[in-house]
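Take a look at the letters that make up each chain.
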Amino acid sequence: MKAYVSDTDDLKQDPSYQETWDDMIINFLAESVDVIQDTEWVVSLGNAFSRQYELYTSDDEHSALLHRCLGILLQKVDDRLYVLEKINWMYKQANITIPSNRLGLAKAMGLVAASHLDTVLEKLKDILDNVGQSIFQRILSFFSDRGRMEESDDIHAALALMYGYAARYAPSTVIEARIDALVGTNMLSRLLHVRHPTAKQAVITAIDLLGRAVINAAESGASFPLKRRDQLLDYILTLMGRDDDDDDDFAESSLELLHTQALALSACTTLVSVEPKLTIETRNHVMKATLGFFALPNDPSDVVNPLIDNLITLLCAILLTSGEDGRSRAEQLLHILRQIDQYVCSPVEYQRKRSCLAVYEMLLKFKSVCISGYCALGNHGSCTHSKQIDRTLHGNFSNLPSAFVLPSRESLCLGDRVITYLPRCADTNSEVRKISAEILDLFFSISLSLPRSVGSSFGVDIELSYSALSSLEDVIAILRSDASIDPSEVFNRVVSSVCVLLMKDELVAALHCCTGAICDKIKQSAEGAIQAVTDFVMKRGNELNEMDVSRTTQSLLLLSSLAENTSSKIVFKEVLATAARDIVTKDISRLRGGWSMQDAFYAFSQHIVLSCLFLEHVISVLNQSPIFKDDPEKGDSSSHRVESHIQDNILQAAIFALTAFFRGGGKIGKKAVEQSYASVLVALTLQLGSCHGLATSGEQEPLQALLVAFQAFCECVGDLEMGKILARDGEQNENEKWINLIGDLSGCISIKRPKEVPAICLILTKSLDRHQRFQREAAAAALSEFVRFSDGLNSQLEQMVEALCRHASDESATVRCLCLRGLVQKIPSIHILQYSNQVLGVILALLEDSDESVQLTSVSCLLKVLESSPISAVEPILINLSVRLRNLQTCTKAKMRANAFAALGSLSNYGVGAQREAFLEQVHAAFPRLVLHIHDDDLSVRLACRSTLKRIAPLMELEGMFALFNAHSFNSDHRSDYEDFVRELAKLFSLRLPSRVDTYMTSTIQAFDAPWPTIQANAIYFASSMLSVSDDQHILALYYTRVFGMLISKMSRSADEIVRATCSSALGLLLKSTNLLLWRTP
């Protein structure tokens, strides 16, 4: 055997030679076994083959053939135990890390399963159950054992292939039962967690084999539906995608990913081609996951080109197998074609080429099945497929006329389709021009073979039609033979033929939908479309009645002319009102032929005079209209309901108008947008605030529509970075996140377009007076960010500071916070001194705000301002600031407490002038609280209190305090150290500051009921320490009995261990005090 499979020189010339040689050996062995028919000889030969494994190294690819040889032999053996022994040996010897050996093992297992299905399935289930990798275990191994995960992937890949070939080699008599056994038990779902590219490809191949087995059975006359087909499709689409959590060890290279995707598309085609027929939901799911491949870059072409071919084949399969009759297939065709339109009109050449080729191939398939009598798989005449399709196609329509079974000409929507592909006939790429002409030829060839409805308007003689079609085919023949022919001459002949071939209704539809064509992204194509429309009107304009003319010119000529020569505002207003009415009464996304109002928007945006005027009008509407509050049901005929929502939907119409303007305006529209950049940007920003307000209450549609418009704006003006920010965070509805989004957008604009900032800020300043809260919040968010970039614009900065100070009293807490942040955190540092008085006045007022978030912002900003403010600005309000900070020091939010304590320490720098004595009183009032919170539960509070105590120590002028504040016990976080510090501090007060003990005791006893157990315990110990060292009879008489009773009460009633323990310790201090006898003496 080893000699037979050696790589001789002739086999090395082409890999297919080795495959052919291997197949010859397998066939020779199978024939030999069949001829000899000696069980003992077969068993002996099987044993000999088993020993052959010793001759191969573990990575020898030729051992794959040995697996297959042993599989052929085991297929002929009836001894189940012998078979089980050999397949165990085969699996043990197989090096499944090598794809060729893995494939050979899978084929061998499939050959064995042809006679011993139960034995093989039992073995496969045993392997699957013992992989040792549950999903959870795989996640753990991701962090711990990468080699084990790779081994698991290899096993899963081999299992998948073995399952697949078990179905592939099944005899037709048991194929359905076998497929049910493999699919019905949902074993494949356990193989979806593979991560390595080759493992994914193996699982996809296995699913493909299942589908091909069903197709082969149908060809043998044993047709049956594939159970869980839609689920298998979903498996393939899952494996086709890139894992979001792939790391460097397992991340697929782009080349491997493309190979996987190409294989997946082929497998999808297989599954789509079997019964049952695709549901609409599954069709849409598959198309959504695959159409994006049209946008793949060209390189590497040897991988991408086959992938695109597989995609086109898949789309053709969807078309052929998902319809019940000609009409339903026509609907499927149009649905798929409209999904591809975005690539047909793409500015990228290879996307246009690929998509046009796909359209051409689908039309060929459509014609072959619906018109020419081919089967769904492309065979002509009598075949097993056509019989099956005939039953499907005609089984339910045997008593109906053929016109019902065949599609009608009207169902092809020729007007819409022709105007879509006609610009491509003038494309810059010769191949695209040729394919597009062939597409038009196919459309008209099909249409002339289809029945027409009784009431349809012919408009042309049938002989003229065939003559025009013949002329079109002559042009195509010339294109195929001579690529150097003048493109303009070819295009003229194509347009002439199309003009004759279109029926009147189709002509009207083409003219009505021509806006997209004349706005094509390829200049040469757009010019060709304009020429074609002109020719249509000149040659057949006499066939159009008044309604047709009105409908066609409404958006292209009439409205523009009316607006240019009369009052443009009135026309613009009526257009938006009509659009708003359509939004209320119609589903504008499903209007056949498109929405006429959008054509009007395109026309205005492309008009050299009206573009600026229309943009200005739309912006004024956005600035004045109220936000719409609800979305009435489509089709509601109640005039009262309609009228009540027209005004609300004016704004939505304006947003749609802006989107169309940005996308369809071309150079003229872009110039208008650039000229009004500031007003457009501010309008979009304010609407972003409004729509996020609606989104928080569950109305997502306005936000989605606005984000589309905003993205179109970014594309129009080339602000790609801003577009990325919107795509990343646009739909974040949390208050802080959308506020940050506007800040990010403003920062991006400041960097990319600094010259626009003054105009933007001027509009935003005025926008702070808007009535709607969310718009004011959006304006404040943007303005507070633009302040950061106002360096060098003194007059502008002064206006912004004035506006921010004025609106720091806004009724919205968010606006108040944003104004304060803009004033403090974002004004350039060189200017902050200039505005210290205004800023400190705002902070002083907001420290007493009713909203905690505003208070927190205020105290944080105070810390920053005090770093650089002059004494003259702080001294007049020093005491007021101190009082308000003391009120915040008892806040339940740790960050608020920490900032309030830290701010008091910062204020100590200013307590040196005329306000020194008054400020010192504030220090003494706050001192007990500082002592209690240097052992706060929160670290930031502890650090703030320690820092503040050290900063106020010079003001207190107390001997021994500096040494105490530098001691270990002061800076330690241990409870015992804190108690040591408190006792030493109490002694210092008793000795050096007895006059303040009364005040300190009062403040400390108030903290016995603090909301934090730790602070209660700190207060208990501090008060007891001061009493235990005091020899002031007045202090002892006032507080000893009172404190003692409170300790007894808390020790028995408190639920907190630290409080009870501290009470016990404090009682010990009091009872051991040498002053106890003094206190008891009369």
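For the structure itself, consult the block above.
So, a few notes on the structure that sits alongside this text. Keep in mind that what you see is a predicted model, and the values were worked out from it rather than measured.

So, on to the nonpolar core. Grouped together as the largest cluster of nonpolar side chains are 181 residues, with contacts concentrated most on Phe601, Phe662, Phe713, Phe927 and Phe989. Beyond its immediate stretch of four places on either side in the chain, Phe601 contacts Val575, Leu576, Ala579, Trp595, Phe614, Ala653, Phe656, Ala657 and Ala660. In this structure, Ala30, Val214, Ala262 and Leu271 belong to the second largest nonpolar core, which totals 160 residues.

Looking now at the packing of aromatic side chains. If you walk through the whole model with that rule in mind, you get 17 aromatic pairs. Between Phe601 and Phe614, the aromatic rings sit 6.0 Å apart at their centres with planes inclined by 25 degrees, giving stacked as the arrangement. Within this pair, whereas Phe601 is found in helix H29 (residues 596–606), its partner Phe614 is found in helix H30 (residues 610–624), the two being separated by 13 residues in sequence. Overall, Phe601 belongs to the buried group, its relative accessible area being 0%. Consider the rings of Trp738 and Phe774, whose centres lie 6.4 Å apart with planes at 50 degrees: the pair is tilted. Remark: Phe774 occurs in helix H38 (residues 773–786) and Trp738 occurs in helix H36 (residues 735–752); sequence separation between them is 36 residues. Comparing Trp738 with Phe774, the two get one shared label, buried. The structure contains a cluster of three or more aromatic residues connected by ring pairs, namely Phe601, Phe604, Phe614 and Phe661.

Looking now at the environment of Tyr235. Here Tyr235 is to be found in helix H12 (residues 229–240). The class for Tyr235 is buried, based on a relative accessible area of 7%.

This next bit is on the packing of helix H40 (residues 813–824) against helix H43 (residues 852–865). In the contact formed by H40 and H43, the axes pass within 9 Å of each other and the chain directions differ by 5 degrees. Here H40 lies roughly parallel to H43, going by the angle between them. Across the interface between the two elements, Ala813, Arg816, Cys817, Leu820, Arg821 and Val824 from H40 touch Ser853, Val854, Thr857, Ser858, Cys861, Lys864 and Val865 from H43.

Analysis parameters
Residues numbered from 1 in each chain as written. Predicted model: local features only at pLDDT ≥ 70, side-chain atom pairs only at ≥ 80, totals over all residues. Heavy atoms only, no water. Core = buried A, V, L, I, M, F, W, Y, C linked by side-chain atoms within 4.5 Å. Buried < 20%, exposed > 50% of the residue type's maximum accessible area, 1.4 Å probe, protein only. Contact = heavy atoms within 4.5 Å. Phe/Tyr/Trp six-rings, centres within 6.5 Å; stacked < 30°, edge-to-face > 60°. Helix = DSSP H or I, 4+ residues; strand = E, 2+ residues; numbered from the N terminus. Axes fitted to C-alpha atoms, helices over the stretch in contact; angles between N-to-C directions. Parallel < 35°, antiparallel > 145°, perpendicular 65-115°, else oblique.

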